[in-house]
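Per-entry structural report
Each chain, letter by letter, is given below.
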Amino acid sequence: MQIENLHRLSKLNLELNDHCFLTDSDTINYLKNSKILFINRGIPGSGKSTLAARISQIYSDSEICEGDQFFTDQFGVYKFKRDKVKECQLFIQQKVIQACKKKMRHC
């Protein structure tokens with residue numbers, strides 16, 4: 001791995017540890033007993049998927065709805081298509097709505 005990549009990963013790890021919803025036990029326990037929606041946006045390569053994976057580790061009953069799912073084929077290969085961005089946004093919007101409705105049924 002190149003030194004730049006190692007530096008980027010260590011910087012990202014430090015940034016992830018800055019979030020109380022990932023590190024503070026009181027906050028984590030509170031959120032685990034709440035209904036919450038994390039919205040995670042950023043430019044490509046900014047760590048969105050890494051943050052989503054960390055959230056999923058801590059909040060095991062969470063549901064991740066991300067654009068990468070739309071652009072990944074049945075073999076796990078990511079194939080971004082710029083002309084499909086609007087379709088991807090609608091796909092994610094529907095996944096979020098379904099996830100919220102599913103969680104609401106358990107009230």
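First, a word on what this report is: a plain description of the structure on this page.

Definitions and cut-offs
- Residues numbered from 1 in each chain as written.
- Predicted model: local features only at pLDDT ≥ 70, side-chain atom pairs only at ≥ 80, totals over all residues.
- Heavy atoms only, no water.
- Helix = DSSP H or I, 4+ residues; strand = E, 2+ residues; numbered from the N terminus.
- Buried < 20%, exposed > 50% of the residue type's maximum accessible area, 1.4 Å probe, protein only.
- Contact = heavy atoms within 4.5 Å.
- Areas by Shrake-Rupley, 256 points an atom, 1.4 Å probe, with all protein chains shown as cover.
- Arc of directions from axis to C-beta.
- Salt bridge = Lys/Arg side-chain N within 4 Å of Asp/Glu carboxyl O.
- Core = buried A, V, L, I, M, F, W, Y, C linked by side-chain atoms within 4.5 Å.
- Phe/Tyr/Trp six-rings, centres within 6.5 Å; stacked < 30°, edge-to-face > 60°.

**Considering the overall build of the protein chain**
Secondary structure assignment for the protein chain yields six helices and zero strands. Secondary structure elements in the protein chain, listed N-terminal to C-terminal, are α-α-α-α-α-α. Residues counted as buried form 16% of the 107 residues belonging to the protein chain. Taking contacts inside the protein chain between residues at least 6 apart in sequence as the whole, the part at least 24 apart equals 46%. Per element, the accessible surface of the protein chain, about 8,600 Å² overall, is 55% carbon and sulfur.

**Thoughts on the environment of Cys88**
By secondary structure assignment, the location of Cys88 is in helix 6 (residues 85-105). The spatial distance from the C-alpha of Cys88 to the C-alpha of Gly67 is 6.2 Å, given a sequence separation of 21 residues.

**Here's the deal with helix 4 (residues 48-58)**
Of all the positions in helix 4, only Leu51, Ala52, Ile55 and Ile58 are classed as buried. Viewed end-on, helix 4 has its buried residues packed into an arc of 125°, placing them on one side of the element.

**Quick word on the pattern of salt bridges**
A pair can form between side chains of opposite charge whenever their charged atoms are brought close. On inspection of all chains with the given rule, the structure shows three salt bridges. Across the pair Asp73 and Lys79 runs a salt bridge, and its minimum N-O distance is 3.5 Å. Measuring nitrogen to oxygen at the nearest pair gives 3.5 Å for the salt bridge that ties Glu87 to Lys84. Taking relative accessible area as the criterion, Glu87 reaches 42% and is therefore assigned partly exposed.

**Thoughts on the nonpolar core**
Judged by nonpolar contacts, Phe21, Leu22, Ile28, Leu31, Leu51, Ile55, Ile58 and Tyr59 together constitute the single largest core of eight residues. Of all the secondary structure elements, the ones that give two or more residues to this core are helix 2 (20-23), helix 3 (25-32) and helix 4. For Leu31, the residues in contact, after removing those within four places along its chain, are Phe21, Ile36, Phe38 and Tyr59.

**Brief notes about the packing of aromatic side chains**
Enumeration according to the criterion identifies six aromatic pairs in this entry. Ring centres of Phe21 and Phe38 lie 4.8 Å apart, and the angle between their planes is 40°; this geometry places the pair in the tilted category. Placement of Phe21 in helix 2 and of Phe38 in the loop between helix 3 and helix 4 is noted, with a sequence separation of 17 residues between them. On the numbers, 4.9 Å between centres and 55° between planes, the contact of Phe71 with Phe80 is tilted. The class for Phe71 is buried, based on a relative accessible area of 8%. The exposure class of Phe80 is partly exposed, given its relative accessible area of 42%.

**As for the environment of Ser56**
Tracing the chain through its elements places Ser56 in helix 4. A relative accessible area of 30% means that Ser56 is categorised as partly exposed. When residues no more than four places from it in sequence are discounted, the contact partners of Ser56 are Ser62 and Ile64.

Geometric descriptors of this kind do not, in isolation, establish any biological role.
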